[in-house]
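# A look at the structure
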Amino acid sequence: MEPFLNILISGILLGGIYSLVSIGLNLIFGVVRIVNFAQGELVMLAMYATFFCFAKFGIGPYYAVFLVAPLMFVVGLAVQRLVLQPLQNEPMMQIFATFGLLILFENSVLAITRGEGYSLTGSYSSVVIDVFGLKASMTRVIVFIAASAIALGLMLFLSRTMAGKAIRAVIQDRQSARLMGINVERTYLLTFGLGSALAGVAGALLAPIYTLSPYIGGNFILPAFAVVVLGGLGSVPGAYLGGLAVGLMEGFAGYYVDPVLKQAIWFIIFVVVLVVRPSGLMGQAGAEEVGLREQT
Amino acid sequence: MTAPQQAFAAQPDSFGLMLGRYAGLLALSALPLVLLWSNPYWVNILAYTYLFAALAAAWNIIGGFGGQFSLGHGVFFAIGAYAVARLYLDLGLTPWLAIFPAAALATVVALLVSWPTFRLRGPFFAIATMAINEACFALANYSDRVTGGPRGILIPFRAAFANMIFIERWKYALLMFAFMSIVVLITVALRRGRLGHYLLAVRADEDAARAAGIDVLKVKLQGMALSALLTGIGGGLFAMYVRVLDPPSLFSLPDIGVKFALISLIGGIGTIIGPVIGALLIVPLENFLRGALGGDIPGGHLIILGAVLVVASLFLKRGVVGAVLVITRRIRQRGRR
Amino acid sequence: MTERFLAVERVTRRFAGLVAVDGVSFSMDRGDILSLIGPNGAGKTTLFNLITGQLKPSEGTIVFRNERIDQFPPYARAQRGMGRTFQIAKPLTGMTTRENVMVGAFMRHRAHADAFAHASAVLAEVGLTARAEVPAAELTLSERRRLEVARALALEPDLILLDEVMAGLNATEVTQVIELIHRLNARGMTFLVIEHNLKVVRAFSRRVIVLHHGAKIAEGSAADVLSDPQVVTAYLGKKHLAGHA
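What comes next is a walk through the structure. The structure displayed is predicted, hence computed values, not measured ones.

Okay, the overall build of chain A next. Scanning chain A for helices and strands turns up 13 helices and two strands. The buried share among the 296 residues of chain A stands at 56%. Across chain A, every contact between residues at least 6 apart in sequence was considered, and the portion connecting residues at least 24 apart equals 78%.

Attention now moves to helix 4 (residues 112-126) of chain C. Residue and element names in this part refer to chain C. Its 15 residues place the ends of helix 4 21 Å apart at the C-alpha level, agreeing with the 21 Å of an ideal helix rising 1.5 Å per residue. Buried residues of helix 4: His 112, Ala 115, Phe 116, His 118, Ala 119, Ser 120, Val 122, Leu 123, Ala 124 and Val 126, and no others. Looking at the residues trailing helix 4, positive phi occurs at Gly 127, about 80 degrees.

Moving on: the sheet that holds strand 7 (residues 159-163) of chain C. All names here are of chain C. Spatially, 6-7-8-3-9-10 is the arrangement adopted by the six strands of the open sheet, whose pairing is mixed. At either end of the open sheet lies a strand with only one pairing partner, and these are strand 6 (82-84) and strand 10 (215-220). Here the strands of the sheet are splayed against their neighbours by 20 degrees on average, with no regard to which way each runs. With four bridges connecting them, strand 3 (residues 33-37) and strand 8 (residues 190-194) associate as parallel partners. The residue of strand 8 that forms the bridge with Leu 36 is Ile 194. Against the sheet, helix 9 (residues 229-236) makes contact with strand 9 (207-212) and strand 10, and its axis sits at roughly 130 degrees relative to strand 10, the strand it touches most.

Okay, the nonpolar core next. Within the largest apolar cluster, 296 residues are counted, with the highest numbers of intra-cluster contacts made by Leu20(A), Ala46(A), Val201(A), Phe270(A), Val84(B) and Ala201(B). Take this core: its biggest share by element is 18 residues, from helix 3 (residues 40-65) of chain B. Every residue in contact with Ala46(A), bar those within four places of it in the chain, is listed here: Val68(A), Met72(A), Ala199(A), Gly200(A), Ala202(A), Gly203(A) and Ala204(A).

Quick look at the packing of helix 3 (residues 61-84) of chain A against helix 9 (residues 184-206) of chain A now. Residue and element names in this part refer to chain A. Remark: helix 3 packs on helix 9, axes separated minimally by 7 Å, with the N-to-C direction vectors making an angle of 145 degrees. Once helix 3 is placed against helix 9, the crossing between them reads as right-handed. By residue class, the composition of the contact of helix 3 with helix 9 is 20 nonpolar, seven polar and one charged.

What follows deals with the interface of chain B and chain C. Facing the 27 residues of chain B at the interface are 33 residues of chain C. Along the lines of polarity and charge, the residues of the side of chain B that touches chain C split into 14 nonpolar, six polar and seven charged.

Reading guide: rules and limits
- Residues numbered from 1 in each chain as written.
- Chains lettered and ligands numbered in written order.
- Predicted model: local features only at pLDDT ≥ 70, side-chain atom pairs only at ≥ 80, totals over all residues.
- Helix = DSSP H or I, 4+ residues; strand = E, 2+ residues; numbered from the N terminus.
- Buried ≥ 20, exposed ≤ 12 C-beta atoms within 10 Å, placed from the backbone.
- Contact = placed C-beta atoms within 7 Å.
- Expected span 1.5 Å × (residues − 1).
- Pairing = 2+ DSSP bridges.
- Axes fitted to C-alpha atoms, helices over the stretch in contact; angles between N-to-C directions.
- Core = buried A, V, L, I, M, F, W, Y, C linked by C-beta atoms within 7 Å.
- Left-handed = near helix turned anticlockwise from the far one by under 90°.
- Nonpolar A, V, L, I, M, F, W, Y, C, P; charged D, E, K, R; others polar.

Pasting the structure below:
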């Protein structure tokens, strides 16, 4: 029983990480309808920014997050305004552009850091707490709690505030929202900024867990896409639960099936979900429009 | 309303004329090889240039004409490379023949993975193909017996025509040039024929295509099959040229999977000669940058590549060929006034 | 035995609680020109989509040329002789006007030269020969409409469905399209037409069907249908009923 429980806990905690990373991506997908291949890189940039705060100014990541998140918000605004807005109606060019950003960010960081591996983990990873009698790393538990809090906060934001309702309107039907006087372009900017800020939070909170590398963004992008597909476009609870599900799936696959083969999991998830339930667990209407699946 | 007689006066360009035109352009692209055949540095670059032009042209069939942005072509490339290597090393089969079963295997795999993923539109298809690439990368690292695992396969140097291993480098460049020419001429025939028109229709508007009697899934699969087949052959040729095959090189997206798409973009997506022009621009440039920057700035050449991708997608969507066509049209219009 | 050319029987289509098409039945013989009219949102385009295959019916059957087709995908119905235009003209970008028509022509003419010749003939029929080599994206609205029709004609269909093909055209252009329809009908082509312009409907339809809230509320000659009080109410509201002759 014990290995099972261990995997369960670690799978859920891993799921917390994926939820945190994916919530921003899901929002962007649902609203701006853009595939952002550079989302993982935004997390990576935030991780390095967090490390910088720690190494240069001695600011711990759990404080630095309040600096890094707004920084990433601004970066997100810039990317949306300069690169993505002009490409609104050209999905293929969006793929090129965001992939270009991926390569650009990855290698810029590589050039700046000269490939040195930085790590915050030493100071934090030793703290271990008890969860139902099993050991779990404090840093991961914090991520899980943060992911849950953010998911909750975001759901409240989307349902209670004007800006949030505007976002939900655009998710459901961009044309109608425009006709009702919602400034769709401004909503896009806000959403991309918000999604990037969330990536910033993820990066700051993940910095104590992973050894930094310019390529670490790539580790998140496929699971993040899998979460979006599984959880459903534009659905915050979907992204949260989807993240947990994906984390669990990866955990169990890694243990019961060969760990190397767990990379194949993403493709299997995509295909199975898209064949069985194209709108995901909790997808909003309009998912088919983005083209998860063809309608009959 | 125009007189009916005019309609029947229109005749299609003869196929021979079209082939002739492109053969001429291809001959032009051979010029660098003719001039530099004795310079090993340049010949090496040209070999890569012609090979990647061919691979980009193959990608262009489904990515450019068909509008299906595949990030998974590295898989077909790798299958071709590994299969030829294994057939040559284990069965002593000459690569000249081995490329065919290798390409067939790549095609079968392509059809198997495309059949479910073609249900996805645009960006989601791209994501799924990226997932396939990652999955196959993991598989290649895992299957020691077939692929040599992470360390890969080494093909010993035994020069002989039958082994497709040459002492003189220019012979490789010539081989790649021949392959590129074949792929381009296949593209000419494709574009002109039914499948080419159907692929373009599917790219433009799937609903309109269906209403015009097109079985969209079948057309996508046919385009993908042809594309994967040619990519597999390219992988086989690559294997005999570099003779060192390992998963990180073969499955790297910036170096392989995305490179095919990038070359097509720069040259002109959905055009016939675009991939050739794109390769002639990108491959030498990248080599130069890698040499100039690579030592001082790790990843420097990729920074430029990434920037090029972003800028091109914003300002050079139709590629060089597209830009040239726009300019010539403007000149012609001014000439008429 | 006479052929059941088109028989739509109790066709219904629901979208999660909304009934877009409600038990509609009608039939057509070869050579008919049938107009489908009704206020906005009546379900006309949905009915088209059910007939040509973009949607499948929730209930009911559709028979075309003695074959039950309601489960067939759109391309199969096109191959069996159905052509259609879309309300928003969809020129295939990245190709010239002629190539657009060739896309249709290739269905029955596999060789390039044959498809080219056939497409050229169709272009002449709709008056687009002068624009044959122009990229389809550069056509004007009226030219795009004609291209839509041309691409459908290139399929050599037995039945052609036109979805508001006159919208946005000027009087001359409308006359040209009506002439085209009559010319083709004289050669045996059957037409099912959605049209808002009631003058046009009177001009060429032999029969008219009226849809309202997804159901068929009237069927008959143009004159009969357009003076039917139910139809007037549907279009203009109850107020106008009293004043109608």
